[in-house]
Amino acid sequence: MGQNSSTSADDLLGRLHPQLASWFRGAYPNFTHAQRLCVPAILDRESILLTSPTGSGKTLAAFLGIFDALLRQLDRGPLSANVRCIYVSPLRALAYDIGKNVRAPIVGMGLEKKLRIALRTGDTSSAERVKLRERGAHILITTPESLAVMLAQESYARHLAECEFVVVDELHSFAGNKRGADLTLSLERLERLCSRRPVGDAGENVATPVSRFPQGSGYRRYRSALCRIGLSATAAPLDVLARFLVGENRQCRIAEAQTEKESLVEVFSPIRRKPYPPAGYTGVRLYAELAELIRRRQSVLVFTNVRSAAEQVGLRLKELLPELAAQIEIHHASLDRSVRLEVEDRLKNGELRAVVCSTSLEMGIDIGAVDLVVMVATPKGVSRAIQRIGRSGHSLDRNSHGVLVATNINDLVEATVTAKLVRERALDPIRIQEKPYDVVAQHVVGLAAVASIKAEDVFELLRRAYPFRELTRQEFHRILEYLEGGGAALQQQYSGVFGKIRIDDGLISLAHPRIAREFLVNIGTIHSEGFVHVLLRRRRLGSVEENFIKQLRIGDLFVLGGRIVRLIDTGVQEAYVERADGQLPTVPRWNAAKMPLTSGLARAVRQLRTELDAQVRNSSDDDAIADWLVEHYEISTANAQAIIELFRAQLSISDVPVGRKMLIELYREGQHTHYFFHSLIGRSANDALSRIVALRVKDRIGGNALVTIDDYGFLLTLRRFQELPLVDLQSCFARTNAERDLAAALRGSELVKWQFRGVAQTGLMVPRNLPGKKRKQKQLSWSAEVLFRVLERHRIIRS
Amino acid sequence: MIEAYRQATHTFLDAEAAYRFLDEVRDFDWKLLELPTVSPFSFAIYASVIKENMMLEDPTAAIERIYREMYAKVESVTASSRS
């Protein structure tokens, strides 16, 4: 992977096509640092990962080099109507926006009749699709799902075979998930398609047949055909993301750009010296301060972490600011798309004073009018905080300004650390999702949908994509076996139903022509998550998110509508419960939508705890300690004093869990005993850990155990008779057989069942849609339910 | 099914981090403390259980009230241990 080196503005202008250089001089005073780093690489046709703060001219940095190539090709004559550049956006709204932004330089250079831009997303009308297939385009703006659809159809794919550039915007948003793994395979398929082009021929006026992939005469030698450009404001670790972008054994430059504009981050908390104010004080004061901020600012974007909080905060702000109520809106993913688009447009046009959102506006369209970002409750990650703050002052000449609002004392500690790491730009490393099998299944069918293909070629192609570099032959063959007839459990009876492919002499082809039609309407990794009706006998109690039900086991107790209920069964789209009055709930309702703290942030909180623990133990001079906090963490003296008081209180009755200390606190309350385990490893890890420990505790003593998790540990609530001495508790943390016990804890869980639903859809076992017809959520759930029961039974019998 | 289990343990849960912790924790200095009240550091997780059962009171106000009560206990414990 290459290094950071920047070109001077004069040199760069001299390298650009004169028409492009002339337009640039008229439109901009100078190149940004991002552009000086990125454009030369693209001019040299080198793939590059550009990481640069929001509003630093990243998009233009990518397109300047691409325009240069197109202009030089135009100098040699009109371009054939084939795609030269594909821009991939994670969001449809961003794709529309980029379409408009890219059109401006084309119009500015008077090239609107020579260079065509096309937009192809899930929203593109049939007429527009036909137009694209018939007329082609030079720059194609799309999403990962639409790109996969196009790659699987010859009528589109022939337009893509001359592609030279791929721009992946917001690369970080793809890297840690299945959608990104899916995109890397689409890029490998695109690379394969384009590598049939002769070297030295950029494809001008050549119509390349794509389904036959001609070999031999006329095709002299092959090369890596695509120049891949990845853009991100919060990419880390860079070397991994570069490999994610370009695949295995290919070169990629890495460029980290700085920006001249400032990014200001502050911590605000209504908590003053006494961290335990009178009831209601914090909430009232918080809303009052928020209202004041909105009054003083032009346009404020308020982030909450969950949708319900967005609704709650939005409502309170409207009540407090009746004169501005019409200019305060709410935005989250549960709202209808038309409502969201209207809010985005009004925000962009400067018509709104505040928008309260969950995570839905973290990335996407340029919302330049926003001059302040407020985060109510900490964003649980540094990259997320930086991404959010970058939504304000989103232009070259304006600063970004973010305020982290802490609503309680623990939140204040986390916000304090988050702000420090944001200032240091200590980005959270992204964890790549490794070789998801259902994505492999989808691409095998996608490849076979275009033409029969050797299994060996497919295997090689898959392994070139970074997330699949370690896919083994054995795994690959199991996936092929699954695609041939649903795998061992279903093959004997149902291969006609579930079989997608057949393999003859190592050549994969579709089992039936209808599979291609069905495949096209089921591409992608995004499956719809609905709500589940909770039924108490025949009465509907209410609805809960599928995500919440995922975490439950039969027999778990939870609260809904003020009642404690026990889960007795789950159906297609229903959860059946019975009353469990007076019993202890085993699963708190509100845990469902919480975001996990990133490991880096958890480490930094531990560091602050360690440092403060030492200071508080060694000195009684709270003013000096407060000064240290103010100086190192840039918080107010009042907030610093509140944090010190928290530590003193903790030390007065317990201990501070730091370093290699495993602190368990026991507190008896009525008939119950609470064990607080201070394992600072983040919510997702604590979730896994607590499932293992709870299983072992129940194995030892029987009965029920209520488990509650957060980022800093977990709470195990037992009946008094279930109490365990330290030595027994320690044995529940044995490393031996942890995998086995976690698997046992998950065996009866809804979590696996609900994961299966998504996997079955992505893996084409349960079709989301039928040609010309969208299937109802209930039908999807029912199909998955039946399959799950069959496969789970098969699994139990085999084991 | 294999992928569903993989996704549950590696995506939804962070099983690797949990296993790493189990590897390390056996060598930690273990401490079990019986407390007369919930400690300030444990309050957030405790409050989440309390909040779940709190249906008639504004959650923010309820949490603050309970926090204040908890802190009063902490202060009284501290005072009695000093005397």
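Here the structure is a predicted model, which means the values were calculated and not measured. (Residues numbered from 1 in each chain as written. Chains lettered and ligands numbered in written order. Predicted model: local features only at pLDDT ≥ 70, side-chain atom pairs only at ≥ 80, totals over all residues. Heavy atoms only, no water.)

Asks: Pulling in residues and values, what's your account of the overall build of chain B?
Replies: Across its full length, chain B carries 4 helices and 1 strand. Overall, chain B shows an N-to-C arrangement of helices and strands of α-α-β-α-α. Here chain B holds 83 residues, and 53% of them are scored as buried. (Helix = DSSP H or I, 4+ residues; strand = E, 2+ residues; numbered from the N terminus. Buried < 20%, exposed > 50% of the residue type's maximum accessible area, 1.4 Å probe, protein only.)

Asks: I'd like a description of unusual backbone geometry, backed by residues and values.
Replies: All names here are of chain A. The step from alanine 236 to proline 237 runs through a cis peptide bond, and the omega angle for that step is -5°. With respect to the element layout, proline 237 can be found in the loop between β6 (227-232) and α11 (238-246). For arginine 425, which is not a glycine, the phi torsion comes out positive at approximately 50°. Looking at where arginine 425 falls in the secondary structure, it is placed in the loop between α16 (409-423) and α17 (437-450). For lysine 435, which is not glycine, the phi dihedral falls at a positive 30°. Overall, lysine 435 belongs to the buried group, its relative accessible area being 13%.

Asks: I'd like to hear about the sheet that holds strand β24 (residues 706-710) of chain A, residue by residue, with values.
Replies: One open sheet holds the 5 strands; their spatial order is β24(A)-β25(A)-β23(A)-β22(A)-β1(B), and the pairing between them is mixed. Edge positions in the open sheet fall to β24 of chain A together with β1 (29-34) of chain B, since each of these has one partner strand only. Direction aside, neighbouring strands of the sheet carry axes that sit 15° apart on average. With 6 bridges connecting them, strand β23 (residues 672-677) of chain A and strand β25 (residues 713-719) of chain A associate as antiparallel partners. Looking at the pairing, Thr673(A) lines up with Leu718(A) of β25(A). Across the sheet, helix α26 (residues 683-701) of chain A touches β24 and β25 of chain A, and the angle it forms with β25(A) is around 25°. (Pairing = 2+ DSSP bridges. Axes fitted to C-alpha atoms, helices over the stretch in contact; angles between N-to-C directions. Contact = heavy atoms within 4.5 Å.)

Asks: Before we move on, can you summarise the environment of Arg6(B) with the specific residues and values?
Replies: If you trace the backbone, Arg6(B) turns up in helix α1 (residues 2-12). If near-sequence neighbours (up to four positions away) are discounted, Arg6(B) is found in contact with Glu434(A), Lys435(A), Pro436(A), Tyr437(A) and Thr11(B). In this structure the side chain of Arg6(B) is engaged in a polar contact, spanning 3.1 Å, whose partner is the backbone oxygen of Glu434(A). (Polar contact = N/O pair within 3.5 Å; in protein donor to acceptor, adjacent residues only side chain to side chain.)

Asks: Please set out the state of the cysteines residue by residue, giving values where relevant.
Replies: Residue and element names in this part refer to chain A. Taken as a whole, this structure holds 0 disulfides over all chains when the rule is applied. Cysteine cysteine 85 remains unbridged, with the sulfur of cysteine 163 as its closest cysteine sulfur at 6.5 Å. For cysteine 85, a relative accessible area of 0% translates into the label buried. (Disulfide = S-S within 2.5 Å.)

Asks: How would you sum up α26(A)? Please name residues and give values.
Replies: For α26(A), which comprises 19 residues, the first-to-last C-alpha distance of 26 Å matches the rise-based estimate of 27 Å (1.5 Å per residue) to within 8%. Within α26(A), 15 of the 19 residues are buried, leaving the element largely enclosed by the surrounding structure. (Expected span 1.5 Å × (residues − 1).)

Asks: Give me the lowdown on the pairing of strand β16 (residues 507-510) of chain A, citing residues and values where you can.
Replies: Every regular strand shows the same layout, with side chains that alternate between the two sheet faces. Residue and element names in this part refer to chain A. Note: strand β14 (residues 453-454) against β16, 2 bridges, orientation antiparallel. Residue pairing for β16: lysine 454 is matched across the bridge by leucine 507. Note that strand β15 (residues 501-504) and β16 share 4 bridges and pair antiparallel. Residue pairing in the sheet places isoleucine 503 in a bridge with isoleucine 508 of β16.

Asks: How would you explain the nonpolar core if you had to name every residue and give the values?
Replies: All names here are of chain A. The biggest cluster of nonpolar side chains holds 77 residues, and the ones touching the most others in it are Leu301, Leu612, Leu629 and Ile643. Residue contacts for leucine 629: discarding those within four places in its chain leaves Leu608, Leu612, Glu634, Ile635, Ala640, Ile643 and Ile644. Core analysis: the next-biggest nonpolar cluster, separate from the first, contains 50 residues, Leu50, Ala62, Ala69 and Val167 among them. (Core = buried A, V, L, I, M, F, W, Y, C linked by side-chain atoms within 4.5 Å.)

Asks: Can you tell me about the pattern of salt bridges, naming the residues and giving the values?
Replies: Residue and element names in this part refer to chain A. Counted by the stated rule, this structure contains 49 salt bridges over all chains. With its nearest N and O atoms 3.7 Å apart, the salt bridge here joins glutamate 162 to arginine 84. With glutamate 162 in the loop between α8 (154-160) and β5 (165-168) and arginine 84 in the loop between α4 (58-75) and β2 (85-88), this pair connects stretches of sequence that are 78 residues apart. Take glutamate 162: its relative accessible area is 1%, and that puts it in the buried class. With a relative accessible area of 0%, arginine 84 lands in the buried category. Of the charged contacts, one joins glutamate 164 and arginine 84 as a salt bridge, the two residues approaching to 3.8 Å between their closest N and O atoms. A residue pair is termed long-range when its members are at least 10 positions apart, and glutamate 164 in the loop between α8 and β5 and arginine 84 in the loop between α4 and β2 qualify at 80 residues. Arginine 84 shares its class with glutamate 164; the two are buried. Via salt bridges that share partners, Glu188, Glu191, Arg228, Arg250 and Arg464 belong to a single interconnected network. (Salt bridge = Lys/Arg side-chain N within 4 Å of Asp/Glu carboxyl O.)

Asks: Could you give me a rundown of the interface of chain B and chain A, with the residues and numbers involved?
Replies: Listed as interface residues are 62 residues of chain B and, on the opposing side, 92 residues of chain A. On the surface where chain B and chain A come into contact, there are 6 salt bridges. The partner of Asp655(A) in a salt bridge is Lys31(B), with the nearest N and O atoms 2.6 Å apart. Across the chain B-chain A interface, the total number found is 24 residue pairs in polar contact (both at pLDDT 80 or more). Counting residues per element, the ones that place at least two in the side of chain B that touches chain A are α1, α2 (15-25), β1, α3 (43-53) and α4 (59-82) of chain B. The biggest single contributor to the side of chain B that touches chain A is α4(B), with 12 residues.

Asks: Mind laying out the side chain of Thr378(A), listing which residues take part and the relevant values?
Replies: Residue and element names in this part refer to chain A. Looking at the element boundaries, threonine 378 is found in the loop between β12 (372-376) and α15 (382-389). For threonine 378, the side chain forms a polar contact with the side chain of glutamate 414, separated by 2.5 Å. Apart from residues no more than four positions distant in its own chain, threonine 378 is found in contact with Asn305, Asp411, Glu414 and Ala415.

Asks: Describe a negative patch on the surface, with residues and values.
Replies: Residue and element names in this part refer to chain A. A cluster of acidic side chains, namely Asp621, Asp623, Asp627 and Glu631, defines a negative patch on the protein surface. Secondary-structure assignment places aspartate 623 in helix α24 (residues 622-633). The class of aspartate 623 is exposed, set by a relative accessible area of 51%. (Patch = residues over 30% accessible without salt bridge, like charges linked within 9 Å, V, L, I, M, F, W, Y side chains within 5 Å. Areas by Shrake-Rupley, 256 points an atom, 1.4 Å probe, with all protein chains shown as cover. Lys, Arg positive; Asp, Glu negative; His and termini not counted. Charge placed at Lys NZ, Arg CZ, Asp CG, Glu CD.)

Asks: Outline the packing of aromatic side chains, supporting the account with residue identities and numerical values.
Replies: Summed over all chains, the structure comprises 18 aromatic pairs over all chains. Judged by centre distance (5.2 Å) and plane angle (80°), the rings of Phe647(A) and Phe41(B) are edge-to-face. With one member in each of two chains, Phe647(A) in helix α25 (residues 637-653) and Phe41(B) in the loop between β1 and α3 form a pair that bridges those chains. The class for Phe647(A) is buried, based on a relative accessible area of 1%. Relative to Trp30(B), the ring of Phe733(A) lies with its centre 5.2 Å away and its plane at 75°, an arrangement referred to as edge-to-face. Of this pair, Phe733(A) sits in the loop between α27 (726-731) and α28 (738-747) while Trp30(B) sits in strand β1, each in a different chain. Among the aromatic residues, ring-to-ring pairing joins Tyr675(A), Phe677(A), Phe714(A), Phe733(A) and Trp30(B) into one connected group. (Phe/Tyr/Trp six-rings, centres within 6.5 Å; stacked < 30°, edge-to-face > 60°.)

Asks: How would you explain the confidence of the model for chain B if you had to name every residue and give the values?
Replies: Fine structural detail should not be taken from predicted coordinates in areas where pLDDT scores are low. Averaged over every residue, the pLDDT of chain B is 80; residues scoring 70 or more account for 81%. If you check the scores for this complex, the pTM reads 0.80 and the ipTM reads 0.90. (pLDDT = per-residue confidence, 0-100.)

Asks: Describe in detail α4(A), supporting the description with residues and values.
Replies: All names here are of chain A. For α4, which comprises 18 residues, the first-to-last C-alpha distance of 27 Å matches the rise-based estimate of 26 Å (1.5 Å per residue) to within 8%. Of all the 18 residues making up α4, 15 are buried; the element is thus mostly covered by neighbouring parts of the structure. Residue glycine 77 follows α4 closely and has a positive phi angle near 135°.

Asks: So what's going on with the sheet that holds β15(A)? Which residues, and what values?
Replies: All names here are of chain A. In spatial order, the strands read β14-β16-β15; together these 3 strands make up an open sheet with antiparallel pairing. Two strands bound the open sheet, and with one partner strand each, they are β14 and β15. Sheet strands in contact with α17 are β14, β15 and β16, and its direction is about 85° off that of β16.

Asks: Lay out the environment of Lys100(A) in plain terms, naming residues and giving numbers.
Replies: Residue and element names in this part refer to chain A. Relative to the elements of secondary structure, lysine 100 occurs in helix α5 (residues 92-108). Residue lysine 100 is classed as exposed on the basis of its relative accessible area of 54%. Sequence separation of lysine 100 and isoleucine 117 is 17 residues, and the distance between their C-alpha atoms is 9.7 Å.

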